[in-house]
Amino acid sequence: MPKVVQQQIGNIALVVENYDDAIDFYTQKLQFTLVEDADLGGGKRWVQVSPPNSNGTNLLLAQASTEEQAQFIGNQTGGRVFLFLQTNDFWRDYELMKANGIIFNEEPRIEEYGTVVVFQDLYGNKWDLLQLSSDH
């Protein structure tokens, strides 16, 4: 019997200007967990962060090492929302993020699919904070 295909996205690379600034932002402002910070030599590190109690994909913080890479810091998707942070308590997380100085691009809104607001990371990449409605 053939093996069932089972795959998952383990990491999403996020180009950053500085490892330590990015770690501070994600762990202090967004309350993410530092999963791993390994020195790879030559100024490179393997840095993974993850939302609290997440059981899936991690962000791999990848410090730009060329001018070409540096051009995309803060604009990895050409101005579109890049990542979607789903939560089980929108208002708890929204208020905590506001208290931590997170920049929001709009006021929270209720959509058919849930409660959502667009915010920026430390470099200006756009994210959605999202709590799906119970029927989604």
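Residues numbered from 1 in each chain as written. Predicted model: local features only at pLDDT ≥ 70, side-chain atom pairs only at ≥ 80, totals over all residues. Heavy atoms only, no water.

## Examining the pairing of strand E4 (residues 58-63)
- Sheet analysis places strand E1 (residues 11-16) next to E4, joined by six bridges and oriented parallel. Each bridged residue has a counterpart across the sheet, and for asparagine 11 the counterpart in E4 is asparagine 58.
- Pairing analysis gives three bridges linking strand E3 (residues 44-50) to E4, with the strands arranged antiparallel. Within the sheet, the bridge partner assigned to valine 47 lies in E4 and is leucine 61. (Pairing = 2+ DSSP bridges. Helix = DSSP H or I, 4+ residues; strand = E, 2+ residues; numbered from the N terminus.)

## Side note on helix H1 (residues 19-29)
- Along H1, the residues classified as buried are Tyr19, Ala22, Ile23, Phe25, Tyr26 and Thr27.
- Residues of H1 that are buried sit in contact with E1, strand E2 (33-41), E3, E4, strand E8 (114-120) and strand E9 (126-132).
- Looking at where H1 begins, the residue whose side-chain oxygen comes 2.9 Å from the main-chain nitrogen of aspartate 20 is asparagine 18.
- Glutamine 31 occupies a position one or two residues after H1 and carries a positive phi of about 65°. (Buried < 20%, exposed > 50% of the residue type's maximum accessible area, 1.4 Å probe, protein only. Contact = heavy atoms within 4.5 Å. Polar contact = N/O pair within 3.5 Å; in protein donor to acceptor, adjacent residues only side chain to side chain.)

## Regarding the UniProt feature "domain: VOC" (unreviewed entry) in the chain
- As annotated in UniProt, the feature "domain: VOC" (unreviewed entry) corresponds to residues 8-132 in the numbering used here.
- This span, residues 8-132, is 20% helix and 42% strand, and a straight line between its end C-alpha atoms measures 21 Å. (UniProt positions renumbered as here; feature names shortened; annotations may be inferred.)

## Here's the deal with the environment of glycine 43
- Position of glycine 43 among the secondary structure elements: in the loop between E2 and E3.
- Using a relative accessible area of 55% as the deciding quantity, one classes glycine 43 as exposed.

## Quick look at the nonpolar core
- Counting residues in hydrophobic clusters, the biggest one holds 28 residues, and the most contacted among them are Tyr26, Leu59, Leu61 and Phe119.
- When residues of this core are traced back to their parent elements, those giving at least two are E1, H1, E3, E4, strand E5 (81-86), helix H3 (90-99), E8 and E9.
- Element by element, the count of residues in this core is highest for H1, at five residues.
- Once residues lying within four places of it in the same chain are set aside, the contact partners of phenylalanine 119 are Leu30, Leu85, Met97, Ile102, Ile103, Phe104, Asn105, Asn125, Lys126, Trp127, Asp128 and Leu129. (Core = buried A, V, L, I, M, F, W, Y, C linked by side-chain atoms within 4.5 Å.)

## What about the sheet that holds E2?
- Spatially, four strands are ordered E1-E4-E3-E2 in an open sheet, and the strand pairing comes out mixed. With one partner strand each, in any of the chains shown, E1 and E2 form the two edges of the open sheet. Neighbour to neighbour, the strand axes of the sheet diverge by 25° on average, direction disregarded. (Axes fitted to C-alpha atoms, helices over the stretch in contact; angles between N-to-C directions.)

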